[in-house]
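# Results of the structural survey
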Amino acid sequence: MMALRKQTLLLLFLLCIYKFSGIECSTPVVLWHGMGDSCCFSFSLGALKKLIQTTLPGTYVYSIRLGNNEVEDVEHSYFGNVNEQISAVCERLSKDERLRNGYNAIGFSQGAQFLRAVIQRCPDPPVMNFISMGGQHQGVFGLPNCGIVGRKACSYMIRMIKYGAYLKFVQDKFIQATYWHDPFQEEEYRKKSTFISDINNELHINQTYKTNLQKLQSMVLVKFENDTIVWPRETEWFGFYTPGQATKIQNLEESDLYREDRLGLKILHESGKVHFLSVPGNHLQFEESWFVDNIIKVYLM
């Protein structure tokens, strides 16, 4: 009987390697793209999905798409209600049988903070490792490079966010407004931000958020050293401008978020579960070899 069991395990291993079946060889991976991108563009997440599956044969990779096609997916990255989007994604992930035992989550740019919201709000199925590629975890105070939606629409969106970011209809309709963090209006930000303020426990402590985040095996924060897209780039490591101005940076450990441990990040950090990585280059610019060596082989295998 023991010999038969060993032979069966060996056969399953070989099937996994050569992809002769649907057997999952490693933990599934969920991807969420950033602003102006889509789940499946061959030059972005489509290529990364293939890279993961080439490095880890047989791995199930689910790339989140909102809408009926890639064009609608891009549009949803600018316009809509982000909390409704996150709820829809939570429901979809919970119904995917291939994720039932857990998955690794990789978020790109704004997709990183959206996946963190999934982790904090929807713990089933569980996330093992969370990788944030240039995520804006303390929000942003600037909105460059939105021209992909058209000059007129871009101009209108910037105007709405700059002058009325915390108006309810702006928060409900413009995705980037929900993580707009104005250091000159900290009180208004805490009270009226419908997303980033909430998931960072800025106004009230949601103990469920803290509890769910503690379940992670690791949180990997990747910052792009020469980022000209995200302002300030330190938000990719949970840093931000010191309140009341937009010049001096306050790192994670100097913030109230950390010192008061409002989100449980201090506990995660002290337990060795938070990892800070940096990459030379602009926003989301990295070599495939770097991604394989520093992300796939370290956190996905």
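Just above sits the structure.
Residues numbered from 1 in each chain as written. Predicted model: local features only at pLDDT ≥ 70, side-chain atom pairs only at ≥ 80, totals over all residues. Heavy atoms only, no water.

### A look at the state of the cysteines
Under the convention used in this document: The criterion for a disulfide is a pair of cysteine sulfur atoms lying within 2.5 Å. Working definition: with a 1.4 Å probe on protein chains only, accessible area under 20% of the residue-type maximum means buried, over 50% means exposed, and in between means partly exposed. By the criteria applied, helices consist of DSSP H or I runs no shorter than four residues and strands consist of E runs no shorter than two, each listed in order from the N terminus.
All told, the structure shown has two disulfides when counted by the stated rule. Paired through a disulfide, Cys-39 and Cys-40 show a sulfur-sulfur distance of 2.2 Å. As the torsion about the S-S bond is roughly -90°, the Cys-39-Cys-40 disulfide counts as left-handed. Relative accessible area serves as the criterion here: at 2%, Cys-39 is assigned to the buried category. The partner cysteine of Cys-90 in its disulfide is Cys-122, sulfur to sulfur 2.0 Å. Taking the torsion about the sulfur-sulfur bond, which here is approximately 80°, the covalent link between Cys-90 and Cys-122 counts as right-handed. One end of the pair, Cys-90, is in helix 4 (residues 82-94); the other, Cys-122, is in the loop between helix 5 (110-121) and strand 4 (127-133), with 32 residues separating them in the sequence. With a relative accessible area of 17%, Cys-122 lands in the buried category.

### Considering the pairing of strand 5 (residues 218-224)
Which entries qualify depends on this criterion: One bridge is not enough; two strands pair if DSSP finds at least two bridges between them.
Most of strand 5 is tucked away, with seven of its seven residues classed as buried. Neither face of strand 5 is left uncovered, since the one carrying Ser-218, Val-220, Val-222 and Phe-224 and the one carrying Met-219, Leu-221 and Lys-223 both have all their residues buried. Strand direction decides the pairing type here: strand 4 and strand 5, joined by five bridges, are parallel. Counterpart to Ser-132 in the pairing with strand 5 is Leu-221. Across six bridges, the pairing between strand 5 and strand 8 (residues 274-279) is parallel. Each bridged residue has a counterpart across the sheet, and for Val-220 the counterpart in strand 8 is His-275.

### What to know about the packing of aromatic side chains
Heads up, the condition is: Paired rings are identified among Phe, Tyr and Trp, the last through its six-membered ring, by centres lying within 6.5 Å, and are further divided according to the angle between planes into stacked (under 30 degrees), edge-to-face (over 60) and tilted (the rest).
Enumeration according to the criterion identifies 15 aromatic pairs in this entry. Centre to centre, the rings of Phe-240 and Tyr-241 are 5.4 Å apart; their planes meet at 70°, and the pair counts as edge-to-face. For the pair formed by Phe-240 and Tyr-241, the shared burial category is buried. Each member of the aromatic cluster is reached from another via a ring pair, and the members are Phe-141, Trp-180, Phe-184, Phe-240 and Tyr-241.

### Looking at the pairing of strand 4
Selection criterion: Handedness rule for crossovers: strands pointing away from the viewer, path from the first strand over the helix to the second running clockwise, crossover right-handed.
Most of strand 4 sits inside the fold, with six of its seven residues counted as buried. Note that strand 3 (residues 103-108) and strand 4 share five bridges and pair parallel. Note on strand 4: the bridge partner recorded for Ile-106 is Ile-131. For the crossover that starts at strand 3, traverses helix 5 and ends in the parallel strand 4, the hand is right-handed.

### A word on the sheet that holds strand 5
Note the cut-off: All axes here are fitted lines through C-alpha atoms, helices being fitted over the stretch that makes contact, and every angle between N-to-C directions spans 0 to 180 degrees. In what follows, residue pairs with any heavy atoms lying within 4.5 Å of each other are defined as contacts.
Judged by pairing direction, the sheet is parallel, and its six strands sit side by side in the order 2-1-3-4-5-8 without closing on themselves. Strand pairing shows two members of the sheet lacking a second neighbour, strand 2 (61-63) and strand 8, which therefore form its edges. Taken pair by pair, the neighbouring strands of this sheet meet at an average axis angle of 15°, ignoring direction. Sheet strands in contact with helix 2 (residues 45-55) are strand 1 (29-32), strand 2 and strand 3, and its direction is about 165° off that of strand 1. Sitting on the sheet, helix 5 touches strand 1, strand 3, strand 4 and strand 5, and the angle it makes with strand 3 is about 145°.

### Notes on the environment of Glu-187
With respect to the helices and strands, the residue Glu-187 is situated in helix 8 (residues 186-192). For the pair Glu-187 and Glu-202, spaced 15 residues apart in sequence, the C-alpha to C-alpha distance is 9.7 Å.

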